[in-house]
Amino acid sequence: MEALVERGHFYLEHSIPSQRQSKGDVFTYEGHNYAAKQPGQFMVGAVVYFLLHKLGLSYANNYLLTSALVTFFSCSFVLAASAVALFGIARELSTSGLVA
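Residues numbered from 1 in each chain as written. Predicted model: local features only at pLDDT ≥ 70, side-chain atom pairs only at ≥ 80, totals over all residues. Heavy atoms only, no water.

### Thoughts on the overall build of the protein chain
- The secondary structure content of the protein chain amounts to four helices and two strands.
- Going from the N terminus to the C terminus, the protein chain shows its helices and strands as α-α-β-β-α-α.
- Burial analysis of the protein chain (100 residues in total) assigns 18% to the buried set.
- Sequence-distant contacts, at least 24 apart, represent 39% of the contacts inside the protein chain between residues at least 6 apart.
- As presented, the protein chain carries roughly 7400 Å² of accessible surface, and 66% of it is formed by carbon and sulfur atoms. (Helix = DSSP H or I, 4+ residues; strand = E, 2+ residues; numbered from the N terminus. Buried < 20%, exposed > 50% of the residue type's maximum accessible area, 1.4 Å probe, protein only. Contact = heavy atoms within 4.5 Å. Areas by Shrake-Rupley, 256 points an atom, 1.4 Å probe, with all protein chains shown as cover.)

Here you go:
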């Protein structure tokens, strides 16, 4: 997400120093290291990170807070909203056949 928002590419070079040394879950393609994960989560997280970056938060200056907020708004919040929507749909379907 950091590479996508701050540098406009998917490869991991020039990432924050504490994460640059990681050799796990990456693959090399045409001389660049990429995360060995599906890009969908990165794209959703990049939207959130873009907004946080505009507010002055970044992985470089406050890693724990920024990563917690990105996780919350890209995963936890979406999961909670979908659970509420699913509950609403189930409630509608279960009461639609009843006479009020």
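### Describing helix H3 (residues 39–54)
- With 16 residues, H3 extends 22 Å between its outermost C-alpha atoms, agreeing within 8% with the 22 Å of an ideal straight helix rising 1.5 Å per residue.
- Where H3 is concerned, the buried positions are Gly45, Ala46, Val48, Tyr49 and Leu52.
- Turning to H3, the residues buried within the fold contact helix H1 (2–7) and helix H4 (63–95).
- Directly beyond the C-terminal end of H3, a positive phi value near 100° is found at Gly56. (Expected span 1.5 Å × (residues − 1).)

### Considerations on the nonpolar core
- The biggest cluster of nonpolar side chains holds six residues, and these are Val48, Tyr49, Leu52, Leu57, Tyr59 and Val70.
- Considering each element in turn, this core owes the most residues, three residues, to H3. (Core = buried A, V, L, I, M, F, W, Y, C linked by side-chain atoms within 4.5 Å.)

### Description of the packing of H3 against H4
- Relative orientation of the contacting elements H3 and H4 amounts to 125°, with a least axis distance of 9 Å. As far as their axial angle goes, H4 and H3 are oblique. Classified by chirality, the crossing of H4 by H3 is right-handed. Between H3 and H4, the contacting residues are Gln41, Val44, Gly45, Val48, Tyr49 and Leu52 on the first element and Thr66, Leu69, Val70, Phe73, Ser74 and Cys75 on the second.
- The residue inventory of the contact of H3 with H4, partitioned by class, reads eight nonpolar, four polar and no charged. (Axes fitted to C-alpha atoms, helices over the stretch in contact; angles between N-to-C directions. Parallel < 35°, antiparallel > 145°, perpendicular 65-115°, else oblique. Left-handed = near helix turned anticlockwise from the far one by under 90°. Nonpolar A, V, L, I, M, F, W, Y, C, P; charged D, E, K, R; others polar.)

### Some details on the confidence of the model for the protein chain
- Looking at the protein chain as a whole, its pLDDT mean stands at 79, while 84% of the residues score no less than 70.
- Mean pLDDT across the secondary structure elements of the protein chain bottoms out at helix H2 (residues 17–20), with 49, and peaks at H4, with 89. (pLDDT = per-residue confidence, 0-100.)

### Focus on the packing of aromatic side chains
- If you walk through the whole model with that rule in mind, you get five aromatic pairs.
- Residues Tyr49 and Tyr59 carry aromatic rings whose centres are separated by 4.7 Å and whose planes lie at 10° to one another, so their mutual orientation is stacked. Note that Tyr49 is positioned in helix H3 and Tyr59 in the loop between H3 and H4, a separation of 10 residues in sequence. Residues Tyr49 and Tyr59 agree in their burial class; the two are buried. (Phe/Tyr/Trp six-rings, centres within 6.5 Å; stacked < 30°, edge-to-face > 60°.)

### Section: the pairing of strand S2 (residues 32–35)
- The sheet contact formed by strand S1 (residues 26–29) and S2 spans four bridges and is antiparallel. The residue of S2 that forms the bridge with Phe27 is Tyr34.
- Between S1 and S2, which pair antiparallel one after the other, the connecting turn spans two residues, and Glu30 there sits at a positive phi close to 50°. (Pairing = 2+ DSSP bridges.)

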